[in-house]
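Read off the chains here:
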Amino acid sequence: MPTLAGRRSSTLTAPTPVAGVAGSAAPPIMRRLREHTAAAHAATEELPLMRDLLVARPTTAGYVRYLSTLHAVYLAVEPALYAALPAPTLTRLGIAPKLPALQEDLLALTATSKYAATLLPDPGVCNSVRGLLDRAHPHRAAAALGGLYVLEGATLGGQVIARHLRTHWASDAEPPTAFLDFRAAQPGHGWRAFGAAVTAWTEQHPDAERAILDGALAIFEMMHAAFAAAGQKTTEDTTANP
């Protein structure tokens, strides 16, 4: 897939700042991760799938497309990344799988039969994440750690999207936001704690930093590609059925 590393970034270049982690106060590895993925982050923010979510009156259809695309990516990526790290490391990171929250939101928004069609992982992403981890050997865990930086950052920025949806939702009922509000609902899984654990791990494995950075960028590019493809399909469907 085309690399995004050389693209010029916009002003939306990092997860929402959190005191003690983002900006100049961020631990060095977290700052480098943010800088290394900035262009990919900005490019993803500009995709039609994201822009449709942040319009003045976001719709159920647009939100379902966003959640379904994320679900297909997470279904392929999240289990593989978790499996690549020892259980004690996952405990220190203070994280939990986000797939159940995505599934909860999709079930709340769609008919059961339609939701069932979203249960398969994206096969291209499955192959990509498998290749990423295989190529990273002997730094497989480091690449997975970088990938988890992207997945965790998505839930951090999700709180901004959740506030926008609640304020501008086109329906009378509030939108389900278990995924977007994952951190708000589970304060123990804090970004600050995650950053501290990543920093400690990197200090113990200084030769693995490049694999962490490359793993983060690769997962972000997989997410970008999935979002771009979903947006293109929506455009084609709209053109075919005006």
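Note that this is a predicted model, so its numbers are computed, not measured.

Focus: the packing of aromatic side chains
Alright, step 1. In the structure shown here, the tally under the stated rule is six aromatic pairs.
Alright, step 2. For the ring pair Tyr63 and Tyr66, a centre distance of 6.4 Å and an interplane angle of 20° mean the geometry is stacked. Taken together, the residues span about one helical turn, with Tyr63 and Tyr66 both in helix α4 (residues 60–83) at a distance of three residues. As far as the burial class goes, Tyr63 and Tyr66 line up, both buried.
Alright, step 3. Considering the side-chain rings of Tyr149 and Trp191, the 5.6 Å spacing of their centres and the 45° angle between planes classify their relative orientation as tilted. Taken together, the positions of Tyr149 in helix α9 (residues 140–168) and Trp191 in helix α11 (residues 191–204) put the pair 42 residues apart, joining distant regions of the chain.
Alright, step 4. Over the aromatic face of Phe182 sits the side chain of Lys98, whose NZ or CZ is 4.8 Å from the ring centroid.

What to know about the packing of α4 against helix α6 (residues 99–109)
Alright, step 1. Where α4 meets α6, the axes come as close as 10 Å, and the angle between the chain directions of the two elements is 150°. Our classification of the angle between α4 and α6 gives roughly antiparallel. Classified by chirality, the crossing of α6 by α4 is left-handed. Listed contacts from α6 to Thr60, Tyr63, Val64, Leu67, Ser68, Leu70, His71, Tyr74, Leu75, Glu78 and Pro79 of α4 are Leu99, Leu102, Gln103, Asp105, Leu106 and Leu109.
Alright, step 2. Here the contact of α4 with α6 is built from residues that sort into 11 nonpolar, four polar and two charged.

As for the nonpolar core
Alright, step 1. In this structure, Leu33, Tyr63, Tyr66, Leu93, Leu148 and Phe194 are the most contacted members of the largest nonpolar core, which totals 73 residues.
Alright, step 2. Among all residues touching Leu33, those that are not within four sequence positions of it are Tyr149, Val198, Ile212, Leu213 and Ala216.

Conventions used here
Residues numbered from 1 in each chain as written. Predicted model: local features only at pLDDT ≥ 70, side-chain atom pairs only at ≥ 80, totals over all residues. Heavy atoms only, no water. Phe/Tyr/Trp six-rings, centres within 6.5 Å; stacked < 30°, edge-to-face > 60°. Helix = DSSP H or I, 4+ residues; strand = E, 2+ residues; numbered from the N terminus. Buried < 20%, exposed > 50% of the residue type's maximum accessible area, 1.4 Å probe, protein only. Lys NZ or Arg CZ within 6 Å of the ring centre and 35° of its normal. Axes fitted to C-alpha atoms, helices over the stretch in contact; angles between N-to-C directions. Parallel < 35°, antiparallel > 145°, perpendicular 65-115°, else oblique. Left-handed = near helix turned anticlockwise from the far one by under 90°. Contact = heavy atoms within 4.5 Å. Nonpolar A, V, L, I, M, F, W, Y, C, P; charged D, E, K, R; others polar. Core = buried A, V, L, I, M, F, W, Y, C linked by side-chain atoms within 4.5 Å.

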